[in-house]
Structures are given as structure tokens and as C-alpha cells.
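Summary of structural features
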Amino acid sequence: MQDTLTASGAATDPTAPVRFDTKVAVLLRDDLLPWQELNVTAFLMSGIATSAPDLTGEPYRDSDGNEYLPMLRQPVLVFTADAAKLSAAREKALERGIPVAVYTHQLFATGHDAANRAAVACVPAGELDLVGVALHGPRNAVDRITKGTRMHE
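What counts and what doesn't
- Residues numbered from 1 in each chain as written.
- Predicted model: local features only at pLDDT ≥ 70, side-chain atom pairs only at ≥ 80, totals over all residues.
- Heavy atoms only, no water.
- Salt bridge = Lys/Arg side-chain N within 4 Å of Asp/Glu carboxyl O.
- Helix = DSSP H or I, 4+ residues; strand = E, 2+ residues; numbered from the N terminus.
- Buried < 20%, exposed > 50% of the residue type's maximum accessible area, 1.4 Å probe, protein only.
- Pairing = 2+ DSSP bridges.
- Contact = heavy atoms within 4.5 Å.
- Axes fitted to C-alpha atoms, helices over the stretch in contact; angles between N-to-C directions.
- Polar contact = N/O pair within 3.5 Å; in protein donor to acceptor, adjacent residues only side chain to side chain.

Before going further, it helps to examine the pattern of salt bridges. Summed over all chains, the structure comprises six salt bridges. Note that Arg-150 is salt-bridged to Asp-30, the shortest N-O span being 3.3 Å. With a gap of 120 residues between them, Arg-150 in strand β7 (residues 150-151) and Asp-30 in the loop between β1 (22-29) and α1 (34-49) connect regions that are remote in the sequence. Between Glu-67 and Arg-61 there is a salt bridge; the shortest N-O distance is 2.8 Å. With relative accessibility at 56%, the residue Arg-61 sits in the exposed group. Overlapping salt bridges bring together Arg-29, Asp-31 and Asp-129 as one network.

Here it is, written out as C-alpha cells:
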């Protein structure tokens with residue numbers, strides 16, 4: 001059964017299952033330390049969350065009336081792969097026009113956004129030392145791009 005979403009992204013029936021037309025995926029290099037996996041995932045997801053206004057839902061509220069920040073409207077799948085597969089995924093995403101966020105090894109040594117962008121800007125695309133990529137796009141395109149990777153354990 002497929003749920004119908006309203007323009008605001010609210011489900012018409014909150015108990016009905018939802019099948020999203022798009023997919024959000026994070027691919028992490030398989031040799032990262034646990035703290036690096038978390039850091040890279042958080043940074044990459046900030047890029048995805050800010051890439052389109054309809055990706056986030058409404059703010060959350062508890063029964064006492066406290067308001068909490070909105071989150072993504074759909075699940076995020078996290079995969080691991082070797083460096084070659086990350087590079088291939090980045091290339092395939094760009095070829096298909098799929099928005100992609102990148103995190104390179106050099107970003108572990110930077111301390112702010114301008115330094116992060118400078119670290120990426122000085123390296124040709126084919127030589128980026130990728131430790132993570134994230135993408136959001138049509139389900140079938142994301143499935144093809146992530147083929148050959150494995151779910152993060």
C-alpha cells in the first residue's frame with residue numbers, strides 16, 4: 001500500500017506505509033574509525049538536508065507543547081565501500097545529475113567551513129581522497145549508484 005503525501009509532506013494517514021519516490025544514501029569508506037563515521041555522516045547529511053526545501057518535515061512537538069527541530073521526512077540508508085567504489089559513486093551521481101555531497105580525508109584536519117571548501121577546491125575531481133559521499137535522488141538512480149556497496153553494520 002502506498003501512502004499519499006500532502007504538499008507539506010504530511011501523510012494523510014500517519015499509520016499508512018509510505019513508499020518514497022526518492023532515496024537518501026550515505027556511502028562511507030570502509031576503513032574509517034567509528035568517530036570518523038559519525039562525523040562524516042553528520043556533515044554529509046547537513047548537505048543533503050539543506051539541498052531542497054521539501055526534504056524536511058514539520059517541527060516535532062511533545063504533549064507538553066515543547067517544540068523540536070524538524071528532521072528529514074524519509075529514511076537515510078548508510079552504506080560502506082572501498083575508496084574506488086566511493087569515487088565511482090561520485091562520478092555516476094554527477095553523470096546522472098544527482099546532487100552529491102562529498103567529504104574528503106583532508107577535512108578531518110580543517111576547522112571551519114571556508115577551510116573545508118578550500119581543501120576540496122584545490123584538488124581535481126578525479127583525485128579527491130573521498131571518505132564519504134551522500135546523495136538524494138530518484139530511487140532507481142540511487143539504487144544503481146550504490147550497487148556493489150554494503151549496508152553499514
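That shown, we press on.
Attention shifts here to the sheet that holds β7. Strand order in the open sheet formed by five strands is β5-β6-β1-β4-β7, with mixed pairing between adjacent strands. Two strands close off the open sheet at either side, each with one partner strand: β5 (100-104) and β7. Relative to β7, strand β4 (residues 76-81) is paired through two bridges, and the arrangement is antiparallel. Looking across to β7, one finds that Phe-79 is bridged to Met-151. In the packing of helix α4 (residues 139-146) onto the sheet, contacts are made with β1, β4 and β6 (130-138), and the angle to β6 comes to roughly 155°.

The next point concerns the environment of Asp-129. The topology assignment puts Asp-129 in the loop between α3 (113-121) and β6. Sequence separation of Asp-129 and Thr-104 is 25 residues, and the distance between their C-alpha atoms is 5.2 Å. Residues in contact with Asp-129, not counting those within four places in the same chain, are Arg-29, Tyr-103, Thr-104, His-105 and Gln-106. Side chain to side chain, Asp-129 and Arg-29 meet in a polar contact 2.8 Å long.

As a general feature of sheets, a regular strand has side chains that alternate between the two faces. Counting buried positions over the eight residues of β1 gives seven, a clear majority of the element. Looking at chain direction, β1 and β6 are connected through seven bridges and run antiparallel. Residue pairing for β6: Leu-28 is matched across the bridge by Gly-132. Alignment of β1 against β4, held across six bridges, turns out to be parallel. Paired with Ala-25 across the bridge in β4 is Leu-77.

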